[in-house]
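Residue-level listing of the chains:
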Amino acid sequence: MSGDDDAVRQATSAFTERFGTAPEGVWAAPGRVNVIGEHTDYNGGFVLPVALAHTTRAALARRDDGIVAVASLQHPDETVEVPLAELRPGHPSGWAGYPVGVVHELRDRVTGGVSILVDGDVPSGAGLSSSAALECAVALGLRDLLGLELAPADLVDVARRAENDFVGAPTGILDQSASLLCTADHALFLDTRDRSSEQVPLDLGTAGLALLVIDSGTTHDHAEGGYGDRRRECEQAAVRLGVDLLREVTDLAALDVLADGRPEGDVLLRRARHVVSEDARVLEVVGTLRDGADPRSIGPVLTASHESLRDDFEVSVPLLDACVEAALAAGAHGARMIGGGFGGSAIALVDVDALDAVTAAVTSRFEREGHPAPRSFVTVPSDGARRLA
Ligand code: GLA
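Residues numbered from 1 in each chain as written. Predicted model: local features only at pLDDT ≥ 70, side-chain atom pairs only at ≥ 80, totals over all residues. Heavy atoms only, no water.

Chemist: Give a detailed account of the overall build of the chain, specifying residues and quantitative values.
Modeler: If you tally the helices and strands in the chain, you get ten helices and 13 strands. Taken over the C-alpha trace, the chain has a radius of gyration of 21 Å; the compact-globule value for 389 residues is 21 Å, and the two agree within 12%. For the chain, the C-alpha atoms occupy an extent of roughly 60 × 50 × 45 Å along the three principal directions. Looking at the chain alone, contacts between residues at least 24 apart form 73% of all its contacts between residues at least 6 apart. Here the chain has roughly 15000 Å² of accessible surface; of this, 48% comes from carbon and sulfur atoms. The positive charge centre, built from 33 side chains, and the negative charge centre, built from 60, are 3 Å apart in the chain. (Helix = DSSP H or I, 4+ residues; strand = E, 2+ residues; numbered from the N terminus. Rg over C-alpha atoms; globule rule 2.2 N^0.38 Å. Contact = heavy atoms within 4.5 Å. Areas by Shrake-Rupley, 256 points an atom, 1.4 Å probe, with all protein chains shown as cover. Lys, Arg positive; Asp, Glu negative; His and termini not counted. Charge placed at Lys NZ, Arg CZ, Asp CG, Glu CD.)

Dropping the structure here:
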């Protein structure tokens, strides 16, 4: 899609064709990559995402027959129609659950029903938050159409509850915050406990650097077990440490009490060690960027995050490790898996003139191991959710 105008034209004409009337507006919300701060959000910790240039668009119009109707250009054979009165968590499932989940959150206000046409180019199942992009585009659209007094943080909660309660994926607020709050040329430094945030300038281009996103091609699903298991382990570790959230622990030595000889003690120690050390790594990266130091120096911190996610948190998979290893061997300054894990994407911080070499190295590693070539692209920090028309 070459620009916002084309995106509006495409969504508008598809909406009109599908629903027989023009939409009242078109909204867009981006996917994200998290520079650092993984599995910290549901522990009250720090995150540092940037928004992708890739967005999901939602064209909306109110109805008066009490029906929620959703259609998607990416799923052309399936228009879902549900009476508002019959909405209940888990139905519909699949892609339609995200927009319908947002409507469900706002059901007291969407009294006449709504038609929604979705279009977008955020790769799905790649750990780039296509689901949050979809939720946030719809949430913003409903806010504007219905004149709802919802601050950005309220919209984050609406979208996050759609994902947690309607779709059934027990995520934190990282993805929805990134999609709604990020701004171009900045990373969003967010304290997920008190919700304070700061836009940290991230100008890699001037330093001759690029942020390469590598989609490993292995898909993930956070409604499945692994993510929820990690979340419960973190909660258990917090209880044993006598804190509400692991965020409150800043001294790694304080975690030693977790290894108390009980069978799960060592696992809880490693899970907590990831979270506590990851929070410290976010602060280190933010400090470096705020000081205007050479962004290359954040590279080793990104790689340390990967090692911690791989060894202590155990959410990486061999293909993500392969992306990171191949990128580093070909000269990347740092690399890590991103998102919830168990598949999805990795990022690498690369000198612009080494981009081809790094991409080729990852591709040939995949080929050697018998996997299809990964999709990769360079991303620049882009704007968060907005109304296009
Ligand atoms: C997924 C979740 C987020 C966050 C990350 C891991 O993307 O949706 O809330 O927990 O995993 O950092």
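Chemist: I'd love a proper account of the site of the ligand, names of residues and values included.
Modeler: In the vicinity of the ligand there are 13 residues, among which Glu-38, His-39, Asp-41, Asp-175 and Tyr-227 approach most closely. Between Gly-172 and the ligand, the recorded distance is 2.9 Å, taken from a backbone N or O atom to an oxygen atom. At a separation of 2.5 Å, an oxygen atom of the ligand approaches a polar side-chain atom of Asp-175. Compared with its free state, where it exposes 310 Å², the ligand has 98% of that area covered by protein. Grouping the constituent residues of the shell around the ligand by class yields three nonpolar, six polar and four charged. (Near = heavy atom within 4 Å. Polar contact = N/O pair within 3.5 Å; in protein donor to acceptor, adjacent residues only side chain to side chain. Nonpolar A, V, L, I, M, F, W, Y, C, P; charged D, E, K, R; others polar.)

Chemist: Tell me about the packing of helix α3 (residues 130–146) against helix α5 (residues 174–181), and please be specific about residues and values.
Modeler: Viewed as axis vectors pointing N to C, α3 and α5 meet at an angle of 55°, and their least axial separation amounts to 9 Å. Relative to α5, the element α3 is oriented oblique. Between α3 and α5 the crossing geometry is right-handed. Judged by residue contacts, Ala-132, Ala-133, Glu-135 and Cys-136 of α3 engage Asp-175, Gln-176, Ser-179 and Leu-180 from α5. In terms of residue class, the contact of α3 with α5 is made up of four nonpolar, two polar and two charged. (Axes fitted to C-alpha atoms, helices over the stretch in contact; angles between N-to-C directions. Parallel < 35°, antiparallel > 145°, perpendicular 65-115°, else oblique. Left-handed = near helix turned anticlockwise from the far one by under 90°.)

Chemist: With reference to specific residues and values, describe the pairing of strand β11 (residues 345–351).
Modeler: By the criterion of burial, β11 is predominantly enclosed, with seven of the seven residues buried. Bridge analysis of strand β9 (residues 209–215) against β11 gives seven bridges, and the strand direction is antiparallel. The partner of Leu-211 across the bridge, within β11, is Leu-349. Alignment of strand β10 (residues 334–337) against β11, held across four bridges, turns out to be antiparallel. The residue bridging Arg-336 from the neighbouring strand is Ile-347, located in β11. (Buried < 20%, exposed > 50% of the residue type's maximum accessible area, 1.4 Å probe, protein only. Pairing = 2+ DSSP bridges.)

Chemist: For the sheet that holds strand β2 (residues 46–47), give the residues involved together with the corresponding values.
Modeler: Taken in spatial order, the three strands line up as β2-β7-β8 in an open sheet, and their pairing is antiparallel. Every interior strand has two partners, whereas the edge strands, β2 and β8 (197–201), have only one. By the bridge criterion, two bridges tie β2 to strand β7 (residues 186–191) in an arrangement that is antiparallel. Within β7, the residue paired with Phe-46 across the bridge is Asp-191. Helix-sheet contacts for α5 involve β2, β7 and β8, and the interaxial angle to β7 is about 135°.

Chemist: Explain the nonpolar core to me, using residue names and the numbers behind them.
Modeler: Counting residues in hydrophobic clusters, the biggest one holds 47 residues, and the most contacted among them are Leu-60, Val-102, Val-103, Leu-106, Val-114, Ile-116 and Leu-142. Of all hydrophobic cores here, the second largest spans 41 residues; its members include Leu-246, Val-249, Cys-323 and Leu-355. (Core = buried A, V, L, I, M, F, W, Y, C linked by side-chain atoms within 4.5 Å.)

Chemist: How would you summarise the pattern of salt bridges if you had to cite specific residues and measurements?
Modeler: Close approach of charged atoms allows side chains of opposite charge to pair. Per the stated rule, a full pass over the model turns up 32 salt bridges. For Arg-262, the salt bridge is made with Asp-260, and the minimal N-O distance between the two is 2.8 Å. When its relative accessible area of 43% is taken as the criterion, Arg-262 is described as partly exposed. Through salt bridges with shared partners, a single ionic network connects Arg-230, Glu-233, Asp-266, Arg-270, Arg-271 and Glu-314. (Salt bridge = Lys/Arg side-chain N within 4 Å of Asp/Glu carboxyl O.)

Chemist: Can you tell me about the sheet that holds strand β6 (residues 113–120), naming the residues and giving the values?
Modeler: On the basis of which strands lie adjacent, the open sheet formed by six strands has the order β5-β4-β6-β3-β1-β13 and mixed pairing. Among the strands making up the open sheet, the edge pair consists of β5 (75–83) and β13 (386–387). Summarising the sheet, strand β1 (residues 25–34) and strand β3 (residues 49–62) pair through nine bridges and their orientation is antiparallel. The partner of Gly-25 across the bridge, within β3, is Leu-60. Packed on one face of the sheet, helix α1 (residues 4–19) meets β1, β3, β4 (67–72), β5, β6 and β13 and runs near 135° to β6. Strand contacts of helix α2 (residues 97–105): β4 and β6, with the helix running at about 155° to β4, the strand carrying the most contacts.

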